[in-house]
Amino acid sequence: MNIGTVFLVGAGPGDPKLITVRGREALATADVVVYDRLIGAELLTHVRADAEKIFVGKEAARHALPQDEINALLVEQALAGKSVCRLKGGDPFVFGRGGEEALFCRAHGVPFEIVPGVSSAIAAPAYAGIPVTQREVATSFAVVTGHTKDDEAPPENLPVADTIVFLMGVRALPKIVRALRAQGRAATTPVALVRWGTTTDQQVVTGTLETIEGDVERAALKPPALIVVGEVVNLREQLQWFDNPVTRPLWGQTIIVTRAREQASGLVEGLQQRGAKVLQCPTIRAEALEKFTVVDDAIARLNGFDWVVFSSANGVAHFWNRLQHAGKDARALAQSQIAAIGPATQQALAARGLNADFLPSVSISETVADELIARGVAGRRILLARAMEGREVLEARLRQAGAEVLLAPCYRTLTDNSNVESARAAIEKGEVDWVTFSSSSTVTNFLDALGRNFIAEHRACFRVACIGPITAQTAAENGLAPDAVAESAGIEALIAALEKTS
Ligand code: SAH
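Residues numbered from 1 in each chain as written. Predicted model: local features only at pLDDT ≥ 70, side-chain atom pairs only at ≥ 80, totals over all residues. Heavy atoms only, no water.

## Some remarks on the sheet that holds strand S17 (residues 337-340)
We count it as follows: Only strands that DSSP links by at least two bridges are regarded as paired with each other. Strands are runs of DSSP state E lasting at least two residues, helices are runs of H or I lasting at least four, and both sets are numbered from the N terminus onward. Convention adopted: a line fitted to C-alpha atoms gives each axis, helices being fitted over their contacting stretch, and angles between N-to-C directions are expressed from 0 to 180 degrees. Residues are treated as being in contact if the distance between any of their heavy atoms lies within 4.5 Å.
Sheet architecture is open: 5 strands sit in the order S15-S19-S18-S16-S17, paired in mixed fashion. Each edge of the open sheet is held by one strand with a lone partner, namely strand S15 (284-288) and S17. Across the sheet, the axes of successive neighbouring strands diverge by a mean angle of 25°, strand direction being ignored. Inspection of the sheet shows S15 paired to strand S19 (residues 404-415) by 5 bridges, in the antiparallel sense. Residue pairing in the sheet places Ala286 in a bridge with Thr413 of S19. Packing of helix H10 (residues 313-325) onto the sheet brings it into contact with S15, strand S16 (307-310), strand S18 (381-387) and S19, and relative to S19 it is tilted by some 105°.

Written out as structure tokens, the structure reads:
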């Protein structure tokens, strides 16, 4: 049997986007992924669905799996012919024991590759606004482990460098301070501790060699954190770009997004870009239907329709699957006018080479109906491509106006409970600042999933933001009167409303 390769991959410092392109490739193709504690859950979404994920969690002084067992596991999997991604925080060769794992592979004839990562030693200071070198301030930096056993002497033979970064050093802080003073560093030397650097949980404490122990104690700062010592720390005053409510107005806000995962990425990224910590709690997901009779029939005679109305990006995607299934392409819609409800729907069509002929001014069924009717629908044949579940208003109004309407369900929405427990726990702990709703069904599904009593009890703990007037009305009717409502439909407006009220 072929021997698999072991990829020792640096996952980057915490922000899941700071993995390298090569690292992501290795992650996406591996048969087995062996990962540590400091790896963000989001990175694991790149792993193949059929790949095995093995957690070997590492914490200072407490290894879920001892190093020699990790070594053995990697070799065993590779010898069984599997491609193994060994995912490690930061860079695999910076206090990551990557060297030991590579040597063990070599000793057992297992091929390996190293994929360097962005080390927290540089990235966490960078996200705190601290460059590790700076002309005329620091021309050298050293990275040192602060991990010494309690009864051991302080880190000896500290390297001589303008900037020193200590990893694994929070508990040894008093010893580190003493050692630096003994080395001749002034009591006024600036020091920063960065905890959970590059993530939305980032916490920074600054002081001097003289004050830092008290500063850290007052802030109750716990590991994992690193310590930066040197004049460069002062640059944070001017360069604090990440954990900064001025440049990133939603910094420090925890926001629940209830939109279905397939549609949430724009909102999630927009919120994160502004500094928010996002908890996804989708309560619905879109799924293909078991039977597509109506939509398949419609597709078979598409040129008989004057209008095809798409009500969601999901609708477009699922309709498209059926179109392709029938061996057709965009040309099948050449005889029809196309209506797109909402900008996301318009984009989904554009991605398939179709310009919508009509976009309603507001994505509310009543308005869509009025504006379509204004274009003259009597005697026209109209296909509504949408979810199985939905309001009947549009269909009814168009019929009243004399149109011949065919309702073609293209997908259905199901409940998704995957993250309900963590959302509930966060609300219970008072950690949640906002809950966002992007449709009436997200409101009712969220209430059903978390429990109406639970929400009523905790209503004072968080604020509510809604994407538009109908959603806002549903929220209000269900005891979730919104604190912010987007001025126009669309995620940019929702984010703007949140920012204004935060
Ligand atoms: N190979 C890793 C370091 C492993 S040692 C790298 O290159 O980053 C683990 C130590 O790194 C932690 O104890 C902590 O001191 C530091 N560390 C890792 N991630 C961190 C982060 N996001 N913020 C601050 N320190 C971090």
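## Focus on the packing of aromatic side chains
As a reminder of what qualifies: Between 30 and 60 degrees the pair is tilted, below 30 it is stacked and above 60 it is edge-to-face, where a pair is any two Phe, Tyr or Trp rings, Trp via its six-membered ring, whose centres lie within 6.5 Å. Only protein chains enter the accessibility calculation, which uses a 1.4 Å probe. A residue is then buried if its area is under 20% of the maximum for its type, exposed if over 50%, and partly exposed in between.
The tally for this structure, following the rule as stated, stands at 8 aromatic pairs. With a centroid separation of 6.1 Å and an interplanar angle of 80°, the aromatic rings of Trp307 and Phe358 are classed as edge-to-face. Of this pair, Trp307 sits in strand S16 while Phe358 is found in the loop between helix H11 (343-350) and helix H12 (365-374), placing the two residues 51 residues apart along the sequence. On the accessibility criterion, Trp307 (2% relative accessible area) is buried. Note on Phe358: relative accessible area 5%, which makes it buried. Note on Phe310 and Phe319: the rings are 5.1 Å apart at their centroids and 85° apart in plane angle, and the pair reads as edge-to-face. Each of the two residues, Phe310 as well as Phe319, counts as buried. Taken together, the ring pairs connect Tyr127, Trp241, Phe242 and Trp251 into an aromatic cluster.

## Notes on the environment of Gly468
With respect to the secondary-structure elements, Gly468 resides in the loop between strand S21 (463-466) and helix H17 (469-477). On the basis of relative accessible area, Gly468 is assigned to the buried category, the value being 10%. Residues Gly468 and Gln347 lie 121 residues apart in sequence; the distance between their C-alpha atoms is 19 Å.

Spatial relationships are all this shows, so hold off on functional conclusions.
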